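Structure assessment
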Protein chains: 2
Amino acid sequence: MAGFTLERRSETPLARQIYMHIRKEILNGGLKEDSALVSTRALAGQMGVSRNTVSEAYDMLIAEGYILSSKGAASRVAKGVQIEGAAKAESQQSENKPKSYTADFKTGQPDLGAFPHKQWLNSVANAMKTLPTTELSYTGPQGMLSLRQEISAWMYRSHMLSIDPGDIFITAGATQALYLLAELLLAEQKKIIMEDPCHMGMLRVLQTKGALIEPVPADEHGIRTDRICGEGAGAVYVTPSHQFPLGGILPAERRASLIRQARQHGFYIIEDDYDSEYRYGGMSISPLYAMDPEKVIYVGTFSKILFPALRIGYILLPRPLQQQWRRLRTCADVQNPPLGQAALADFLHTRKMDRHIYNMKKLYAQRRSCLLETLKNTFGQSCTFFGDSAGLHIVAQFPGACFDEAFRKSAAAAGLKIMPLSLHCIRECSHADKLLLGYGHLEPGKIRSGVKLLHRHMVSAGVWPEK
Amino acid sequence: MAGFTLERRSETPLARQIYMHIRKEILNGGLKEDSALVSTRALAGQMGVSRNTVSEAYDMLIAEGYILSSKGAASRVAKGVQIEGAAKAESQQSENKPKSYTADFKTGQPDLGAFPHKQWLNSVANAMKTLPTTELSYTGPQGMLSLRQEISAWMYRSHMLSIDPGDIFITAGATQALYLLAELLLAEQKKIIMEDPCHMGMLRVLQTKGALIEPVPADEHGIRTDRICGEGAGAVYVTPSHQFPLGGILPAERRASLIRQARQHGFYIIEDDYDSEYRYGGMSISPLYAMDPEKVIYVGTFSKILFPALRIGYILLPRPLQQQWRRLRTCADVQNPPLGQAALADFLHTRKMDRHIYNMKKLYAQRRSCLLETLKNTFGQSCTFFGDSAGLHIVAQFPGACFDEAFRKSAAAAGLKIMPLSLHCIRECSHADKLLLGYGHLEPGKIRSGVKLLHRHMVSAGVWPEK
């Protein structure tokens, strides 16, 4: 044991230290195979530890097969154990600190500063107090019944939709819903129809699952259902309540057409309702799901209402798919953890959710007005808007301008996070003069200074006239 | 509006009720396309509500495209909106209450009654108090840094393993880890080598991902590495610390051979360390990962130590795979929620974890002794055991007996949940006389009465002599 000293003040037991050292020597060839080890008594004397300590280390080495013991004789190094050292690859890790921007118009970002922390923590505390021990074990892939009942009641309050809690399946957010639905629906037909432009994150999810994407243009009303070729499609993915990113509400006639096509060609419609709670000019839009619960899979999420890291969403699933979904979810990650579900059930049950949405709607409506007004004042009447009646973002059109990846990059370098609509296009190319502006998380002051910075940058980048 | 009455005491606003009714009439053809609606004034009078209420309903119908307004003229039903009613499929839902057994020897079940609720809740409360608002937003797919640091420190305390927190990736449990690893590793090579017998749940996960399973026999020491044909394999899935279900500790020589083969054929080794914390005869086993962090992916879980529904596990990932993993996890479900992670970090930091494991080890050791003793007393010396030095289950061999699916079913009917080892076999057929007995969750009284019931049932089923 040359060159090896025990660290007596270490948290690691002495026996473990001896074991580690000998093991290392065996693996790197310092102790050759079949060579005899010194006796436990001798090593104990040598190291100044009790014989028990050394025996414990040897026992471990025997249990793991590094050395072989034989009665009365010395223990020997086992054969075939030595391996060459592994070269460790360079660390790729980047504990990536998100870049911070002077003005950040990112989309899909609720105002977390206005999140009712105290009330949420109350719900978590209530949930903890009342969570039965049985909920700590596996409880099945569908999600907590009490939460599904609360979601059902809430859907009725908010959308006048009567949903059987048995048709609700809790997910780890909308992304997981889409990820697993793709696996479920694309088993036979790989084609999936998407709106163009669309949400790039969701497009990436579907592409990861090997989907063959067929883009269909969306206009200011939503997907152009007359341009859909439904034959051979496994699914259509749409955002009918507030088309992402253009913001259209899909008209009833297109809704009916979509459902007729789904029935005719046997595909399912995935309806992503990512932010319909925030509608500023009246009641919230009725889901497409209500028109045909056998053909539409409704995907809901609480990420935008509460906070993105919550990771709780839900789907309303046609019954013929439910058994398959259960199997798949069990394989994917078994189920959602119970605490968040129970807290959310409490948050819904006590109507904290309704109050929170009411408050946020007021807040977001103010910010939306501020953004629209500031844009008008800064860019004049030629600047027009899409999708401003709902949600946490708008699309602004700047006639004559042309925004592309180069513009996005130069803006980012100037401290301005802004997304050209063209970067959300799959094939369409009629949106070069539009920008996507998320405002939910921005206070009025930030909005005004952000628009100023945008104007300055557009002028300096040559996409907008100086005066 | 014949046959329609407003529910004035309903929570649903009157405007919403009117909207819902008209929409329904349009969809089912009661209101034909292009037909004129009565004016808002007339309908308001008819229903006894304010004109504003009716206007709100009409505005909604216009926004969603069910009716078309034109200045000065009556609103008309839009064209092409009517669809035939969807027949609703029979509910498949079964809010499946788990069957309860008189004696339940299921495996992988910790004792949730002994779970230190109070201390865990303290950790949750601490986490809630200190969680920064930034953690409510998306924080990336790798998991909370503070938790990864605590896991790193804990791996050092428990396994003398020095892990860079940058190589740790938090997962939603071990199942998700395997599910996504399969997607990652099987992109090119579909073949995956598994121990036979193995964990059927994990086999199902891999099969779901389209893996071509190549079973390799495991004996009482673990996988027979001399029987592996590594060519064309994408991965090998092993449980070297405590082979599931046989319980062997993979000897050093086989470990070295496995790593040599992985290097030669370019496949990765997935090491599932599902319960090595509970080892009764000494230190815990060193992970295979320690021998080659470039070829071994270590999968750890807290389901067995804390509780199954926690859904937090972690993997130690070779660096060339890290970027791909980040991308994939982002698509699959983005990230773990923050509260559970922060609570677990606190539980580790305050050493509640170490104390909990210490306590549970004592408890499980007693139960294990009770089970072994009761089996010996009941079935005599011919009954032998495998894998009893660690974990929460043992394998018992009853020479001459033959256990199969029929036996499992008849036992279940008699109130006895028991798993024949043969049902964990892919191809192997040398385990017909063995049963799997999980005991972690069973108090001594339950163990004794369970063994009695097992004996009675084995005799009545004719697989064991009466005296």
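Residues numbered from 1 in each chain as written. Chains lettered and ligands numbered in written order. Predicted model: local features only at pLDDT ≥ 70, side-chain atom pairs only at ≥ 80, totals over all residues. Heavy atoms only, no water.

Here we look at the interface of chain B and chain A
Counting residues at the interface gives 110 residues for chain B, matched by 109 residues for chain A. With both chains or domains summed, chain B and chain A bury close to 8700 Å², and 58% of this area falls on carbon and sulfur atoms. Along the contact surface separating chain B from chain A lie 2 salt bridges. The partner of A:Lys209 in a salt bridge is B:Glu183, and the shortest N-O contact between them spans 3.3 Å. Linking chain B with chain A are 26 residue pairs in polar contact (both at pLDDT 80 or more). Looking at the side of chain B that touches chain A residue by residue, the classes come out as 52 nonpolar, 28 polar and 30 charged. (Contact = heavy atoms within 4.5 Å. Buried area = accessible area lost by both parts, 1.4 Å probe. Salt bridge = Lys/Arg side-chain N within 4 Å of Asp/Glu carboxyl O. Polar contact = N/O pair within 3.5 Å; in protein donor to acceptor, adjacent residues only side chain to side chain. Nonpolar A, V, L, I, M, F, W, Y, C, P; charged D, E, K, R; others polar.)

Overview of the confidence of the model for chain A
Predicted confidence across chain A gives a mean pLDDT of 90, with 96% of residues reaching 70 or more. The ipTM, which scores confidence in the relative placement of chains, is 0.85 for this predicted complex, and the corresponding pTM is 0.86. (pLDDT = per-residue confidence, 0-100.)

Overview of helix H3 (residues 51–63) of chain A
All names here are of chain A. Look at H3: 18 Å from first C-alpha to last across 13 residues, which is about the 18 Å you get at 1.5 Å a residue. Here H3 has its buried residues at Thr53, Val54, Ala57, Tyr58, Met60 and Leu61. When H3 is viewed along its axis, its buried side chains cluster within an angular range of 155 degrees and face the same direction. In this structure, the buried side of H3 is in contact with helix H1 (14–27), helix H2 (40–47), strand E1 (67–70) and strand E2 (73–77). In the stretch just after H3, Gly65 is the one whose phi turns positive, near 80 degrees. (Helix = DSSP H or I, 4+ residues; strand = E, 2+ residues; numbered from the N terminus. Expected span 1.5 Å × (residues − 1). Buried < 20%, exposed > 50% of the residue type's maximum accessible area, 1.4 Å probe, protein only. Arc of directions from axis to C-beta.)

Quick notes on the packing of aromatic side chains
Enumeration according to the criterion identifies 28 aromatic pairs over all chains in this entry. Here the aromatic rings of A:Trp120 and A:Phe347 are separated by 5.4 Å at their centres, their planes lie at 70 degrees, and the arrangement is edge-to-face. In this pair, A:Trp120 sits in helix H4 (residues 117–130) while A:Phe347 sits in helix H10 (residues 338–349), placing the two residues 227 residues apart along the sequence. For the pair A:Trp120 and A:Phe347, one class covers both residues: buried. Consider the rings of B:Tyr278 and B:Tyr364, whose centres lie 5.0 Å apart with planes at 85 degrees: the pair is edge-to-face. Linking B:Tyr278 in the loop between strand E9 (268–273) and strand E10 (296–301) with B:Tyr364 in helix H11 (residues 352–379), this pair joins segments that are 86 residues apart in sequence. For the pair shown, B:Tyr278 and B:Tyr364 are each scored as buried. These aromatic residues form a ring-pair network of at least three members: A:Phe379, A:Phe398, A:Phe403, A:Phe407 and A:Trp464. When the ring centre of B:Tyr179 is taken as reference, the NZ or CZ atom of B:Lys209 above it lies at 3.8 Å. (Phe/Tyr/Trp six-rings, centres within 6.5 Å; stacked < 30°, edge-to-face > 60°. Lys NZ or Arg CZ within 6 Å of the ring centre and 35° of its normal.)

So, the nonpolar core
A:Phe302, A:Leu375, A:Phe398, B:Phe302, B:Leu375 and B:Phe398 are the most contacted members of the largest nonpolar core, which totals 238 residues. Non-local contacts of A:Phe302, meaning those with residues more than four positions away in its chain, are made with A:Ile151, A:Trp154, A:Phe307, A:Leu310, A:Ile312, A:Tyr314, A:Leu344, A:Leu348 and A:Met353. Core analysis: the next-biggest nonpolar cluster, separate from the first, contains 66 residues, A:Leu178, A:Leu181, A:Leu185 and A:Trp325 among them. (Core = buried A, V, L, I, M, F, W, Y, C linked by side-chain atoms within 4.5 Å.)

Here's the deal with the packing of helix H10 (residues 338–349) of chain B against H11(B)
Residue and element names in this part refer to chain B. It is the contact of H10 with H11, at a shortest axis distance of 5 Å, that shows an interaxial angle of 75 degrees. The angle between the axes of H10 and H11 places the two elements in the roughly perpendicular class. Only Lys352, Met353, Asp354 and His356 of H11 make contact with H10, whose side of the interface consists of Leu344, Asp346, Phe347 and Leu348. Looking at the contact of H10 with H11 residue by residue, the class counts come to 4 nonpolar, 1 polar and 3 charged. (Axes fitted to C-alpha atoms, helices over the stretch in contact; angles between N-to-C directions. Parallel < 35°, antiparallel > 145°, perpendicular 65-115°, else oblique.)

Description of the sheet that holds strand E5 (residues 191–196) of chain A
All names here are of chain A. Pairing in this open sheet of 8 strands is mixed, and the strands run E4-E11-E10-E9-E8-E5-E6-E7 from one edge to the other. The open sheet is flanked by strand E4 (168–171) and strand E7 (222–223), the only strands paired with a single partner. Alignment of E5 against strand E6 (residues 212–219), held across 6 bridges, turns out to be parallel. Within the sheet, the bridge partner assigned to Lys191 lies in E6 and is Leu212. Against the sheet, helix H7 (residues 200–208) touches E5, E6, strand E8 (233–238) and strand E9 (268–273), its axis set at about 165 degrees to E5. (Pairing = 2+ DSSP bridges.)

A closer look at the side chain of B:Gln17
Residue and element names in this part refer to chain B. Inspection of the secondary structure assignment puts Gln17 in helix H1 (residues 14–27). Within the structure, the side chain of Gln17 is placed 2.8 Å from the backbone nitrogen of Glu7, a separation counted as a polar contact. Other than its neighbours up to four places away in sequence, Gln17 contacts Phe4, Leu6, Glu7, Ser10 and Thr12.

Examining the environment of B:Lys409
Here B:Lys409 is to be found in helix H12 (residues 405–413). A C-alpha to C-alpha distance of 9.7 Å links B:Lys409 and B:Met419, two positions 10 residues apart in sequence.

With respect to the relation of the copies chain B and chain A
Overlay of chain B on chain A (RMSD 0.1 Å): rotation 180 degrees, translation along the axis 0.0 Å. Such a combination of rotation and displacement between the chain copies is what one expects of a two-fold axis. Distance from the rotation axis, computed per C-alpha, reaches its smallest value in chain B at B:Ala125: 4.0 Å. A high fraction, 99%, of the interface residues of chain B reappear at the interface in chain A, so the copies pair face to face through one surface. (Least-squares fit on C-alpha atoms with pLDDT ≥ 70 in both.)

With respect to the packing of helix H4 (residues 117–130) of chain B against H10(B)
In helix packing, the relevant descriptors are the interaxial angle and the interaxial distance, both defined with respect to the helix axes. Residue and element names in this part refer to chain B. One can describe the packing of H4 onto H10 by two numbers: an axis separation of 8 Å at closest approach and a directional angle of 120 degrees. At the point where H4 passes H10, the crossing takes the right-handed sense. Between H4, through Gln119, Trp120, Ser123, Val124, Asn126, Ala127 and Met128, and H10, the contact on the second element is made entirely by Leu339, Gly340, Ala342, Ala343, Leu344, Asp346 and Phe347. Tallied by class, the residues present in the contact of H4 with H10 amount to 9 nonpolar, 4 polar and 1 charged. (Left-handed = near helix turned anticlockwise from the far one by under 90°.)

Quick word on the pattern of salt bridges
This model, assessed by the stated rule, comprises 28 salt bridges over all chains. Across the pair A:Arg319 and A:Asp167 runs a salt bridge whose closest N-O atoms are separated by 2.7 Å. Of this pair, A:Arg319 sits in helix H9 (residues 319–332) while A:Asp167 sits in the loop between helix H5 (145–159) and E4, placing them 152 residues apart in sequence. What makes A:Asp167 buried here is its relative accessible area of 1%. A salt bridge links B:Arg224 to B:Asp226; the shortest N-O distance between them is 3.0 Å. With a relative accessible area of 26%, B:Arg224 lands in the partly exposed category. Within the structure, one salt-bridge network assembled from shared partners comprises A:Glu183, A:Lys209, B:Glu183 and B:Lys209.

Focus: the sheet that holds strand E16 (residues 434–438) of chain B
Each strand in a sheet pairs with its neighbour through backbone hydrogen bonds, running either in the same direction (parallel) or in the opposite one (antiparallel). Residues and elements named next belong to chain B. One open sheet holds the 4 strands; their spatial order is E12-E13-E16-E15, and the pairing between them is antiparallel. Two strands lie at the open edges of the sheet, namely strand E12 (384–386) and strand E15 (419–420), each paired on one side alone. Pairing geometry for E12 and strand E13 (residues 393–397), over 3 bridges, is antiparallel. Bridge pairing in E13 places Phe385 opposite Ala396. H11 rests against E12, E13 and E16 of the sheet, and its axis sits at about 15 degrees to E13.

Concerning unusual backbone geometry
Residues and elements named next belong to chain A. Here the amide bond leading from Phe244 into Pro245 is cis, since omega sits at 5 degrees, within 30 degrees of zero. The topology assignment puts Pro245 in the loop between E8 and helix H8 (252–265). If you check the backbone angles, Asp34 has positive phi at about 75 degrees while not being a glycine. With respect to the element layout, Asp34 can be found in the loop between H1 and H2.

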